[in-house]
Amino acid sequence: MITPKEFSKHSNKEGIEIVDLKEQEDSSLIVEYQGNGLATTDKGQDDRIKVQLCWDAISYVIDNKGEETQILKGISGKANPGELLVLMGSSGAGKTTLLNILAGRVKSTGNAKIIGQITANGTSIKDIDFGYYSAYVTQEDILLPNLTPRESLMFSSRLRMPGHYNAHVDRVNSILQELRLVKCADNVIGSITKKGLSGGERKRVCIGMELITDPIVLLLDEPTSGLDSFTAEVVIDLLIEQARKGRTVMSTIHQPSSSIFDKFDRLILLAEGHLVYQGSAKDSPQYFAKFGFKCPRLMNPADYYMRLLHVVDRKHPTEEEHDKIEILVSAYNQVEPEDDFDSSKLEPLKHKHLIVPTNFVEQFLLLFRRAWINARRDPLAGRLLFTEYIMVAVLVDLICNNLAKNYDSASTRTQLLFLSMATVAFFSCQNAAMQFPSETPLFLKESKQRIYSTASYYLSKSLADLPMQFLPLLVYCLMIYWVIPFNDYDASKFFIFYFVLVLLQISAIGLGYILGCMVKTETVALAIVPIFMQPMMLYSGLFPSVNHYPEGFFWIQYISCMRWAVEALCANEYNDLGMHCQHCTDCYKCDPLRDLDFTNSIGVCVLYLCILLVGYRVIAYLLLWKRAVNARR
Ligand SMILES: Nc1ncnc2c1ncn2[C@@H]1O[C@H](COP(=O)(O)OP(=O)(O)OP(=O)(O)O)[C@@H](O)[C@H]1O
């Protein structure tokens, strides 16, 4: 395994200046380079540092419209290096809240207050950048589903750590080996909807993503939830291995089997925000037995504690539940705090900032490659989109083909142009809106870790998503254009037709990004797309009835990419087509554009489309940036 020291060795040769990025604005997350060298974290010097994390009288109070709720009630404790400390308690006891506070993921805000002190080797974590020393593995598996474990770890390593390419390869290989992921290293990770790695393998990849930076403190929120007991035991063994390397490992665990429980070094039990036990997991049954709560001989102590500490209605506990918790809390308050760890040899932690080892261009290139691989393997962007377009094209071709070139067929022609436009707008917007919610958790997590800037992420994603969209659209256009046929088989007009639809597609993807940024789940994204698209469609210029609607809504046509696309398509179609009505074969007055009240040239419509395209993208960027800023707070 390449140790941080070796990374440091590579870097020191290059003589790199490290730039403190913490205080810089999001858009300027750039490390300055000296020569062609690499940035360094100089973490190697801390190779043998061990951290004891202590927290004293932690309370967490939420003010909900004047009603105060105390979620954590004066909790003190410590996590020692070399040990696996497990946090247990009934649902809603405050385990995740405590872990999040210790990780610095929850901060005091206007309506939430954290009281108490947290120190690492005696230094308040407020005085150091604790993220430099620690890593947090969330309960949800935050991974890109279309990447393999090797690719995920490699991108994580290259974005977060300095070093030569080969050093990253060695480090990733060593982590894959350590986490026993070699066999599945090159299989696609997958998701709930796409079969890939098993739950245990996915969780190990998540742990690997955090181990890449070689953190000294590893915090995990329910790493075994959703796993069968054997797989859960594999994950716990792995955490114990990490702890034995000198790391401080603390994890919440929901329902451990008895063989898993036997492996815990230390245990913290919470009940209704109170601390009711802290100490050796092995000694815990004897402790509770002293107060009359004896775990039956053949019962798993973890199950017994869950039942013991469970409160049915947390707002209105029964008298029995209330008394039971009170006995346990006051009993624990009498216990002398354990002092079995010699903390005198622990070095005080130095104030070090998380640094970004890549500059904007490197971030962009790495993120573009990552997004491109993810998009290329995404069934939504690939096969499904192709299938959608081909099915619509076949249907249109079957119903309408060989349209006559005369004024009487103009309304059908216009409707077909409208249908082409609406198909592209809907498919593009929907796909983009649905992609964002599944990808934003990783973006927000990495934003929190200040790995890259929002601008580099957004730019890379925007560009990587496009090529996968252009090709299905080209096939769709080719399939309908020549069969209908539009524009009297004019090839040059075909390119304008395709170009307008490409602009519409890019605009609609931007609109999809806006909607995707506003929601958290794919289902909601799917539901809100029509809410935004339908008014835009209504004001696309093809429905004269809108002239009778209240004037207050007319502005919608100016923000509707569909309106300008359809006008450009109609102008492209009817300019110079020389249509005649059946009644006046020689007259050129029958003008569908005049009937539709379309007076703008293709150029003007394209200009409007371009303005909207940029506008949508800027709004989506601002929304994403706001989310990143909030995540960092
Ligand atoms: N920001 C918040 N606003 C309101 N209530 C909150 C907030 N954060 C946590 N809570 C409440 O605090 C309680 C403890 O939440 P927490 O997630 O820490 O529980 P937990 O012990 O991890 O439960 P579980 O095992 O079910 O995940 C819950 O009732 C939760 O609803």
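Residues numbered from 1 in each chain as written. Predicted model: local features only at pLDDT ≥ 70, side-chain atom pairs only at ≥ 80, totals over all residues.

S.K.: For this particular structure, what's the right way to read the pairing of strand β1 (residues 53-64)?
M.R.: Consecutive side chains of a regular strand alternate in pointing toward one face of the sheet and then the other. As judged from the nine bridges shared by β1 and strand β2 (residues 67-79), these two strands associate in the antiparallel manner. What sits directly across from isoleucine 62, in β2, is threonine 69. Between β1 and the antiparallel strand that follows it, β2, lie two residues; lysine 65 among them carries a positive phi value of about 50°. Bridging between β1 and strand β4 (residues 112-120) involves eight bridges; their strand directions are antiparallel. The residue of β4 that forms the bridge with valine 61 is lysine 113. (Pairing = 2+ DSSP bridges. Helix = DSSP H or I, 4+ residues; strand = E, 2+ residues; numbered from the N terminus.)

S.K.: Would you mind going over the UniProt feature "transmembrane region" (unreviewed entry) in the protein chain with me for this structure?
M.R.: The UniProt record annotates "transmembrane region" (unreviewed entry) at residues 384-404, 466-484, 496-516, 523-542 and 601-624. Secondary structure content for residues 496-516 is 100% helix and 0% strand, while the C-alpha to C-alpha distance between its ends is 30 Å. Segment residues 601-624 splits into 96% helix and 0% strand. End C-alpha atoms: 35 Å apart. (UniProt positions renumbered as here; feature names shortened; annotations may be inferred.)

S.K.: What exactly am I supposed to notice about helix α2 (residues 95-103) here?
M.R.: Most of α2 is tucked away: seven of the nine residues are buried. Lys95, Thr97, Leu98, Leu99, Ile101, Leu102 and Ala103 are the residues of α2 that are buried. Just downstream of α2, glycine 104 is the residue with a positive phi angle, here 80°. (Buried ≥ 20, exposed ≤ 12 C-beta atoms within 10 Å, placed from the backbone.)

S.K.: What am I meant to see in the domain arrangement of the protein chain here?
M.R.: Interfaces are often sized by the amount of accessible area the parts lose when they come together. Examined at the domain level, the protein chain breaks down into domain 1 (77-108 + 126-334) and domain 2 (360-632). On a C-alpha basis, the centroid separation for the pair domain 1 and domain 2 is 45 Å. Counting residues at the interface gives 13 residues for domain 1 and 13 residues for domain 2. The greatest single-element share of the side of domain 1 that touches domain 2, amounting to five residues, is contributed by helix α4 (residues 149-160). (Domains from an automatic or database assignment. Contact = placed C-beta atoms within 7 Å.)

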